[in-house]
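Reading the structure
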Amino acid sequence: MAGAAPSGFNKRKKKLSVKCEAAAASNQIGVNQMLVYVPPHPLIKHWVSVLRNEFSPPPIFKSAMAELGRLLIYEASRDWLETIGGEVQTPCGVANVEFIDPREPVKVVPILRAGLVLVEHVSSVLPATQTYHLGFVRNEVTLQPTLYLNNLFAKLKSNWPPRLPDRFPDSSLILVADPMLATGGTIVAAIEELTSRGADVKNLRVVAAVAAPPALKILSEKFPGLRVYTGTIDPGLNEKGYIVPGLGDAGDRSFGT
Ligand code: URA
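Since this is a predicted model, take the numbers as computed values, not measurements.

**Considering helix α6 (residues 185-195)**
Restricting attention to buried positions, one finds in α6 the residues T186, I187, A190, I191 and L194. Down the axis, α6 shows its buried residues gathered within 125° of arc, on one side only.

Below you can see the structure in the form of structure tokens.
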């Protein structure tokens, strides 16, 4: 029969939907008033799986990270962005409409290097954004982060006025992208940099590809009210501070280094 489902299709569909419902029920974990979401979407599982595969070459790895970022940003923005109402003329009549307010761009803060890849498609999800880069490097021995590039409110030249006011208005929505929440050292340092410049943790959301318990623990202790959106939560870290099973070094695998 034309269009008939292949045999086993219905059984498989039922099994998948049961799995998704179970995941949907448990996708929100509260840790000390911090909320961690693992959106139960099959595409999120797919892109995380591509990232985990050690045989995914850099171009595939990078595009999987960018796709995962797009989906996580979509989920993170669901109950976050305000719209402004109005009317537009369609070709057939007048419609009530709601647009995202372009006067309130989301401040996007990718943590270099791999955070850049996670937000590669941000403009295809969020209509109004401003991007501020933070560069951290992790000492391989102490695992402590050092800030080597800070683009928050930088002056373009020392005798020029700052490009922006030197504090975020505390209502600013801020999206921080750090693919690997491992020890939590880098993400904590980044959020402290932002809060020292007026950011309110309640308006801040973090997107990550993989999160591990040490990072989630320290984030929840330091920043109650924060929300984290991650592709998956892994059990722990190895002696080098890498997430296990994780996906390896997200920066090296994205940029082929
Ligand atoms: N940074 C990475 O890129 N991978 C990890 O597993 C931990 C930190």
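After presenting the structure, the write-up continues.
**Digging into the pairing of strand β4 (residues 93-100)**
Along β4, only 0 of the 8 residues are buried, which leaves the element largely exposed. Where strand β3 (residues 83-90) and β4 come together, 8 bridges link them in antiparallel fashion. Looking at β4, one finds that Q89 is bridged to V94. Here β3 hands over to β4 after 2 residues, the two strands then running antiparallel side by side.

**Considerations on the site of the ligand**
With respect to spatial proximity, the complete set of residues near the ligand consists of M180, A182, Y242, I243, G246, D249, A250 and G251. Class assignment for the residues of the shell around the ligand results in 5 nonpolar, 2 polar and 1 charged.

**Observations concerning the packing of helix α2 (residues 42-52) against helix α3 (residues 58-77)**
Axes are the key here: two packed helices are described by the angle between their axes and the distance separating the axes. Two elements in contact, α2 and α3, have axes whose closest approach is 9 Å; the angle formed by their N-to-C orientations is 150°. In terms of their interaxial angle, α2 and α3 are classed as roughly antiparallel. Seen along the crossing, α2 lies across α3 with a hand that is left-handed. Note on element contacts: α3 touches α2 through I60, F61, A64, M65, E67, L68 and L71, opposite L43, I44, W47, V48, V50 and L51.

Basis of the calculations
Counting of residues starts from 1 at the beginning of each chain's written sequence and follows it residue by residue. It should be noted that, the model being predicted, local features are given only for residues of pLDDT at least 70 and side-chain atom pairs only at 80 or more, the latter also being counted only at that level, while totals for whole chains, interfaces and linings use all residues. Residues are called buried when their C-beta atom has 20 or more other C-beta atoms within 10 Å, exposed when it has 12 or fewer, and partly exposed otherwise; all C-beta atoms are positioned from the backbone. Each helix corresponds to a stretch of at least 4 residues labelled H or I by DSSP, and each strand to a stretch of at least 2 residues labelled E; elements are numbered beginning at the N terminus. Here, the arc refers to the directions that run from the helix axis to the C-beta atoms. Two strands pair under a simple rule: DSSP has to find at least two bridges between them. Any residue qualifies as near a molecule or strand once its backbone-derived C-beta atom lies within 6 Å of it. Throughout this entry, Asp, Glu, Lys and Arg are counted as charged residues, while Ala, Val, Leu, Ile, Met, Phe, Trp, Tyr, Cys and Pro are counted as nonpolar. The remaining residues, Gly among them, count as polar. Throughout, an axis means a line fitted to C-alpha atoms (over the contacting stretch in the case of helices), and angles, computed between N-to-C directions, take values from 0 to 180 degrees. Roughly parallel refers to an angle under 35 degrees, roughly antiparallel to one over 145, roughly perpendicular to one between 65 and 115, and oblique to any angle outside these ranges. When the near helix sits turned anticlockwise from the far one by under a right angle, the crossing is termed left-handed; a clockwise turn instead gives a right-handed crossing. Each residue gets a C-beta atom placed from its backbone, and two residues are in contact if those atoms lie within 7 Å.

These results come straight from atomic positions and should not be treated as a statement about function.
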